[in-house]
Amino acid sequence: MRAVGYRRNLPITDPESLLDLSLPVPEPGDHDLLVRVEAVSVNPVDVKQRAGSNPHGKPRVLGWDAAGIVERVGSAVTLFRPGDEVWYAGSITRSGTNAELHLVDERLAGPKPFSLSFAEAAALPLTSLTAWETLFDRLRLTSASTGTLLVLGAAGGVGSILVQLARQLTGLEVIGTASRPESRQWVLGRGAHRVAGHDDLPGGVDYIFTPHSAGMIPAFAKILRPYGEVVAIDEPPHLDLLPLKSKSIAWHWELMFTRALHDPASTAQHEILRQVAALVDKGVLHTTMTRRIDGITAAGMREAHAIVEAGSAIGKTVVSGF
Ligand SMILES: NC(=O)c1ccc[n+]([C@@H]2O[C@H](COP(=O)([O-])OP(=O)(O)OC[C@H]3O[C@@H](n4cnc5c(N)ncnc54)[C@H](OP(=O)(O)O)[C@@H]3O)[C@@H](O)[C@H]2O)c1
């Protein structure tokens, strides 16, 4: 089967940073789906792995977002059948989605929204899981929740769906940060009540979602109300949370891969993706795809990686079709 991967950590401008590969078709384990991948999206995790995780010359396939069709199922699979259309992010410990045929544990996959194309669907799984787990697992928000949520980097992949979920499924006032006219406009279009600059944060907020936490703790301590809560999804170096103590502010980590890494029997991500698909099909949530590159080839994936690596993406870049 065809796949795209890397053997060495190289800058994305190097033609060998991502390679066209021919790999054997993998055999499904008991709970696995073998999925014919129709579209994938690229996340910052792909860029970080390509740059920092050394496969020592062996081909490693990246990609943690896919929409496709179930081709075969393992002996213990109960949630899906061959022919079902699925979407998922999968597990960081397994070979990635940038392959014609890909294995995913059935408990990490959901039924793809029928109202979206494969490309439109592939934009959403990883970021929707991150945003959903942030709002409803870490912060335990409900439709009755009120107060103010500040979403940093609201035009980015995660922000673009988190703003929609918070606006549609909670009673919170949603303020997103963005730095450019086009990203501000996009954030308002996703449903934010207001937009602020990344360095011009409003005071009196109850919750902060942060994908850009480095150097921000003193500012968070200043603008959060007493007993406020922060959910961070990035890896800020030298983190000092002491400034948050005076207001008894809670700090949560959210890692979308925690369930795959530490709670493999959980069907929670299957359920989240099922609920997100239903909300998409009802017209409550919308795809965040803003760019589609045709052809899951090394050239197409290099183009998509370069866009994500630049750090100024609005919504999501999808790569579609082998
Ligand atoms: N823990 C997890 O499970 C998890 C899951 C997904 C992502 N992540 C991590 O979260 C981060 C964001 O991911 P993403 O997919 O949303 O990224 P992204 O799509 O690449 O984010 C791009 C956006 O970031 C904004 N931005 C740039 N610099 C900023 C700053 N200093 N402060 C606030 N916003 C800034 C830009 O807005 P403007 O153009 O308006 O400036 C742009 O719209 C990455 O580090 C990623 O690895 C973690």
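Definitions and cut-offs
- Residues numbered from 1 in each chain as written.
- Predicted model: local features only at pLDDT ≥ 70, side-chain atom pairs only at ≥ 80, totals over all residues.
- Heavy atoms only, no water.
- Phe/Tyr/Trp six-rings, centres within 6.5 Å; stacked < 30°, edge-to-face > 60°.
- Helix = DSSP H or I, 4+ residues; strand = E, 2+ residues; numbered from the N terminus.
- Buried < 20%, exposed > 50% of the residue type's maximum accessible area, 1.4 Å probe, protein only.
- UniProt positions renumbered as here; feature names shortened; annotations may be inferred.
- Expected span 1.5 Å × (residues − 1).
- Contact = heavy atoms within 4.5 Å.
- Pairing = 2+ DSSP bridges.
- Axes fitted to C-alpha atoms, helices over the stretch in contact; angles between N-to-C directions.
- Domains from an automatic or database assignment.
- Salt bridge = Lys/Arg side-chain N within 4 Å of Asp/Glu carboxyl O.
- Polar contact = N/O pair within 3.5 Å; in protein donor to acceptor, adjacent residues only side chain to side chain.
- Nonpolar A, V, L, I, M, F, W, Y, C, P; charged D, E, K, R; others polar.
- Near = heavy atom within 4 Å.
- Areas by Shrake-Rupley, 256 points an atom, 1.4 Å probe, with all protein chains shown as cover.

When you look at the packing of aromatic side chains in this model, what are you seeing that I'm missing?
Each aromatic ring pair is described using two quantities: the centre-to-centre distance and the angle formed by the ring planes. Per the counting criterion, the structure on display carries three aromatic pairs. Relative to Phe-257, the ring of Trp-64 has its centre 6.4 Å away and its plane inclined at 80°; by these criteria the two rings are edge-to-face. Placement of the pair is Trp-64 in the loop between strand E4 (60-61) and strand E5 (66-73) and Phe-257 in the loop between strand E14 (250-253) and helix H7 (258-262), with a sequence separation of 193 residues. Comparing Trp-64 with Phe-257 shows no difference in burial state: the two are buried. With a centroid separation of 5.7 Å and 85° between ring planes, the pair formed by Trp-251 and Trp-253 is classed as edge-to-face.

Just checking my understanding: could you explain the UniProt feature "domain: Enoyl reductase (ER)" (unreviewed entry) in the chain for this structure?
The UniProt feature table records "domain: Enoyl reductase (ER)" (unreviewed entry) at residues 16-319. Taken end to end, residues 16-319 is 29% helix and 25% strand, and its two terminal C-alpha atoms sit 19 Å from one another.

Help me out: how do you make sense of helix H9 (residues 298-309) in this one?
An α-helix turns once every 3.6 residues. As a result, residues three or four positions apart point the same way. For H9, spanning twelve residues, the distance from its first C-alpha to its last is 16 Å, which sits close to the expected 16 Å at 1.5 Å a residue. Considered for burial, the residues of H9 that qualify are Ala-298, Gly-300, Met-301, Ala-304, His-305, Ile-307 and Val-308. The secondary structure elements touched by the buried residues of H9 are strand E1 (2-6), strand E2 (19-22), strand E3 (32-41), helix H1 (44-52), strand E15 (289-294) and strand E16 (316-320). A positive phi of about 80° marks Gly-311, the residue just after H9.

What's the story with the sheet that holds strand E13 (residues 224-232) in this structure? I'm lost.
Hydrogen bonds between backbone groups are what pair the strands of a sheet, and the pairing can be parallel or antiparallel. The sheet built from six strands is open, its strands ordered E11-E10-E9-E12-E13-E14 with parallel pairing. Of all strands in the sheet, those with a lone pairing partner are strand E11 (194-196) and E14, marking the two edges. The average angle at which neighbouring strand axes cross in this sheet is 20°, direction not considered. The pairing of strand E9 (residues 148-151) with strand E10 (residues 173-177) spans four bridges and is parallel. Bridging from a neighbouring strand, Leu-149 pairs with Val-174 of E10. Where helix H4 (residues 157-169) meets the sheet, its contacts fall on E9, E10 and strand E12 (205-210), and the angle it forms with E9 comes to roughly 170°. Along the sheet, helix H5 (residues 181-189) makes contact with E10 and E11, crossing E11 at roughly 150°.

Which parts of the structure should I look at to understand the environment of Ala-221?
Checked against the element boundaries, Ala-221 lands in helix H6 (residues 217-223). Placed 93 residues apart in sequence, Ala-221 and Ile-314 show a C-alpha to C-alpha distance of 28 Å. Sequence-distant contacts of Ala-221, that is, excluding residues within four places in its chain, are made with Pro-243, Leu-244, Lys-247 and Ile-249.

What am I meant to see in the domain arrangement of the chain here?
Interfaces are often sized by the amount of accessible area the parts lose when they come together. Along its sequence, the chain is carved into domain 1 (2-124 + 287-320) and domain 2 (127-253). Listed as interface residues are twelve residues of domain 1 and, on the opposing side, 14 residues of domain 2. We note a salt bridge from Lys-48 to Glu-235, for which the minimum N-O separation is 2.9 Å. At the junction of domain 1 and domain 2, the tally comes to five residue pairs in polar contact (both at pLDDT 80 or more). Of the residues that constitute the side of domain 1 that touches domain 2, the class distribution is five nonpolar, five polar and two charged.

Help me understand the site of the ligand in this model?
In the region of the ligand, 23 residues are neighbours, and Ser-179, Arg-180, Ser-183, His-198 and Met-256 sit closest. At 3.1 Å, a backbone N or O of Ile-233 approaches a nitrogen atom of the ligand. Expressed as a share of its isolated accessible area of 940 Å², the protein-covered part of the ligand is 84%. If you list the elements that add at least two residues to the shell around the ligand, you get H1, helix H3 (125-138) and H4. When the residues that make up the shell around the ligand are grouped by side-chain class, the tally is ten nonpolar, ten polar and three charged. Split by domain, the residues of the shell around the ligand number at least three in each of domain 1 (2-124 + 287-320) and domain 2 (127-253).

Would you mind showing me how to read the pattern of salt bridges here?
One side chain can pair with another of opposite charge once the charged atoms of both are near each other. Evaluated as defined, the whole model comprises 16 salt bridges. The salt bridge partner of Arg-259 is Glu-133, with a shortest N-O separation of 2.9 Å. Residue Arg-259 is located in helix H7, and its partner Glu-133 is located in helix H3; the two are separated by 126 residues in the primary sequence. Glu-182 serves as the salt-bridge partner of Arg-180, at 3.7 Å between the closest nitrogen and oxygen. Accessibility expressed as a relative area gives 27% for Arg-180, which makes it partly exposed. With relative accessibility at 44%, the residue Glu-182 sits in the partly exposed group.

Teacher, can you tell me more about H3 here?
The terminal C-alpha atoms of H3, which comprises 14 residues, lie 18 Å apart, in line with the 20 Å expected from a rise of 1.5 Å per residue. Across the 14 residues that make up H3, a large majority, twelve, are buried. Within H3 the residues assigned to the buried category are Pro-125, Leu-126, Thr-127, Ser-128, Leu-129, Thr-130, Ala-131, Trp-132, Glu-133, Thr-134, Leu-135 and Phe-136. Arg-140 sits one or two positions beyond H3 and adopts a positive phi of about 50°.

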